[in-house]
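Here is how the chains run, residue by residue.
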Amino acid sequence: PTFNNLTYLQHLQLGHNHLTGPLPKNICIGRSLVYFGAMNNNLIGQIPSSLRDCKSLYGVRLEGNHLTGNISKTFGIYPNLSFIALSDNRFYGELSPKWSQCHNLQSLQIANNNITGKIPLELGHATQLQELNLSSNHLIGEIPKELGALTKLSRLSLSGNQLSGKIPFGIGLLSNLRQLNLASNKLSGSIPDQLGNCSRLRNLNLSRNNLRERIPFSISYINGLQSLDLSHNSLTGGIPRQLGELHSLKILDLSHNLLNGSIPKAFWDLHGLTIVNVSFNRLEDLQAYHEVSFDAIKNSKGLSSNATELRPHFVPSRANYGLKKATKDFILVVFPNIGGLLLLLIMVATFRWFCMKTPTKNSESTEEKNGDILTVLGFDGRILHDDIIEATENFSSNYCIGSGEYGTVYKATLRTGQVVAVKKFHQYVDNILNTSKAFESEIAALLEIKHRNIVQMYGFCKHRKHSFLVFEFVEKGSLKMVLSNNEQAEELDWKKRLNVVKGLANALSYMHHDCSQPIIHRDISSNNVLLDSDYEAHVSDFGTAKLLKPDSSSWTSPAGTHGYIAPELAYTMRADEKCDVYSFGVLTLEVLLGRHRGDLLSSTSASMSNDKQVLLQDEIDPRLPPPKNQVAKDIVRTIMIAVSCLNSNPQLRPTMKQVAQALSCKSHPLPSPFSTIACHG
């Protein structure tokens, strides 16, 4: 009602607050509103009709809320609209071709919603577009060739959808394009040669598709290219030697393909290259492998028959995270399968060490001012730190995506375009870390963890002002959030849920049994399991993880999330692997029942107390259709395993290795139809 008298209102900025509830119905009652910003709040509900019909709008920013509604009906045609940002909301439906009738539209951002259907061909008529971001939705079909008409486009992101078909040749007509991200789709065919015409491109990401054939040498025409990610495809042939002409290149990821041959000698001249990953290919240039660790080359095809006899070589922990102060602007990166490249990087690092052997006064003062910064995986310590501070605006709450007992998590988009998660420790944790001698060694163990179902740690910063960890960013967020959202829970069908349980079991089995020193997570819960765009599980948050040492298994207080903590921790305070096994059992039931098992116990306590039978089909998540055939068998088997993990006697619980093995076996036939199988109290 307070907006009824604001008939001449033209500019309204309400962003970056803690506003709740729906948008006011009469927000644009005077039809004079030019700019409306309410981004990064907690607003809910649908877009009011007064805003939908407000033809005077020039700019709209509503990203980072919980707004909903059918995207095709919620917005109209705005002749003056220049930019609109609707990302990180809950809009659904298909994209309307009417956006093309906003003839002055320069920026359209609708990422991370629940948009379905195809990309309208008519978008090719919005010729003023400079930025188009439709990433992290559920778009299908092919990328319209009509987008090639958007010659002013500088940023195009369609990643994290289900787009199929070939990359249209018309993309090569986008001469002003600086960022192109088509990752995590179902694109096939070859990489078009025409991409070489995008001469202003800085970041190119085509990873996680099904692209085949050779890497076109025309990519070498993009002189200013800084980041190239073609990983997780089916590319064949050799690495083009012409890529050695990309002198601005800083990040190169060609891993998880079918590439063969050797590393081009032209790479010797790429002095700016800080991250290289060519692992999991069929490269054979491994003449230097006798000087590196077995783990660094064991996935290469060209490994000789006696290589398995090599003893692993461990370097001092400091060397793993960065060179000494005089060489802090270059980090040596060794990924699996790059044996020949190792020698190259060592020579470059040595050369730069001699060039920088005498630190300047400025570098000394900077070091004294900023403290000790340690890094891994190719990030320069100073650059990484400054980049994260800039990307999060000095850890502004606008970028906060979660908070826990030990720290706050922020989403940061680095200058390279890579998105990472940054966990900044609370001040009291900083104080502990600054006096902890074991911190670096424990972090070192976590940095060695490399598993497809465990969130990858990229690095860490230990600083007098603040300390933080840098992790892989996982797109769909926590399992808890997905299960609590009816629409997303329905998307997480039975097969995907069973795969989540298997992934979690494999991750814990790896931590308990395959690491150099066993690691206990101690806080397995649905909030600490993240799902990527394919609903693959990734275990996260090692804030309470601790290396299991013979002389240090007891902690002074129980850690973990209420409802997942093993009962013996309440009186023994002794954490071991069986505590994680118990938490796994609780979480497995939560995945299949659709809610925490405490909810199940409270809803069925009466029947259980009377020793009545409860049909299993009545207890599993009712939002999904009843399972059939093999899926029904697998669900029964998985629930039986989960129950065994909840044994009150820790010694009678299985190990996670046994659990992972059992889940990988084929399920036995059911003794009776699924609809008749009962649970007992």
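Just so it is clear, the structure is predicted and the values come from calculations on it, not from any experiment.

Caption draft 1: Region of interest: the overall build of the protein chain. Helices and strands together make up the secondary structure of the protein chain, namely 16 helices and 32 strands. Looking at the protein chain as a whole, 52% of its 681 residues are labelled buried. If you take every contact in the protein chain between residues at least 6 apart in sequence, the share linking residues at least 24 apart comes to 56%.

Caption draft 2: Quick look at the pairing of strand 24 (residues 419-425). Of all 7 residues that make up strand 24, 5 are buried, and the element is covered over most of its length. Direction of pairing for strand 23 (residues 407-413) relative to strand 24: antiparallel, over a ladder of 7 bridges. Looking at the pairing, T408 lines up with K424 of strand 24. What sits between the antiparallel neighbours strand 23 and strand 24 is a turn of 5 residues, in which G417 has the positive phi angle 95 degrees. With 5 bridges connecting them, strand 24 and strand 26 (residues 468-472) associate as antiparallel partners. Residue A421 lies in a different strand from strand 26, and its bridge partner there is F471.

Caption draft 3: A look at the sheet that holds strand 4 (residues 42-45). Here we have 5 strands laid out as an open sheet, ordered 2-4-6-8-10, and parallel in their pairing. Unpaired on one side and paired on the other, strand 2 (20-21) and strand 10 (114-116) mark the two borders of the sheet. Relative to strand 10, strand 8 (residues 90-94) runs parallel, the two sharing 3 bridges. Residue pairing for strand 10: E94 is matched across the bridge by T116.

Caption draft 4: Looking closely at the sheet that holds strand 5 (residues 59-61). Spatially, 12 strands are ordered 1-3-5-7-9-11-12-14-16-17-18-20 in an open sheet, and the strand pairing comes out parallel. Edge positions in the sheet fall to strand 1 (11-13) and strand 20 (275-277), since each of these pairs with one other strand and no more. Direction aside, the axes of adjacent strands within the sheet are offset by 10 degrees on average. Bridge count between strand 14 (residues 179-181) and strand 16 (residues 203-205): 3 bridges; the pairing is parallel. Looking across to strand 16, one finds that L180 is bridged to L204.

Caption draft 5: Seen up close, the UniProt feature "binding site: ATP" (unreviewed entry) in the protein chain. Residues annotated in UniProt with the feature "binding site: ATP" (unreviewed entry) correspond here to K424. Within the secondary structure layout, K424 lies in strand 24. Sequence-distant contacts of K424, defined by excluding residues within four places in its chain, comprise F395, Y406, G407, T408, Y410, H466, S467 and F468.

Caption draft 6: Just the packing of helix 11 (residues 494-513) against helix 15 (residues 629-645), in detail. Two numbers describe how helix 11 lies on helix 15: the axes approach to 10 Å, and their chain directions differ by 35 degrees. Judged by the twist between their axes, the crossing of helix 11 over helix 15 is left-handed. When helix 11 is examined against helix 15, the residues W494, K495, L498 and V501 are found in contact with a partner set consisting of V631, D634, I635 and T638. Counted by class, the contact of helix 11 with helix 15 contains 5 nonpolar, 1 polar and 2 charged residues.

The rules behind the values
Residues numbered from 1 in each chain as written. Predicted model: local features only at pLDDT ≥ 70, side-chain atom pairs only at ≥ 80, totals over all residues. Heavy atoms only, no water. Helix = DSSP H or I, 4+ residues; strand = E, 2+ residues; numbered from the N terminus. Buried < 20%, exposed > 50% of the residue type's maximum accessible area, 1.4 Å probe, protein only. Contact = heavy atoms within 4.5 Å. Pairing = 2+ DSSP bridges. Axes fitted to C-alpha atoms, helices over the stretch in contact; angles between N-to-C directions. UniProt positions renumbered as here; feature names shortened; annotations may be inferred. Left-handed = near helix turned anticlockwise from the far one by under 90°. Nonpolar A, V, L, I, M, F, W, Y, C, P; charged D, E, K, R; others polar.

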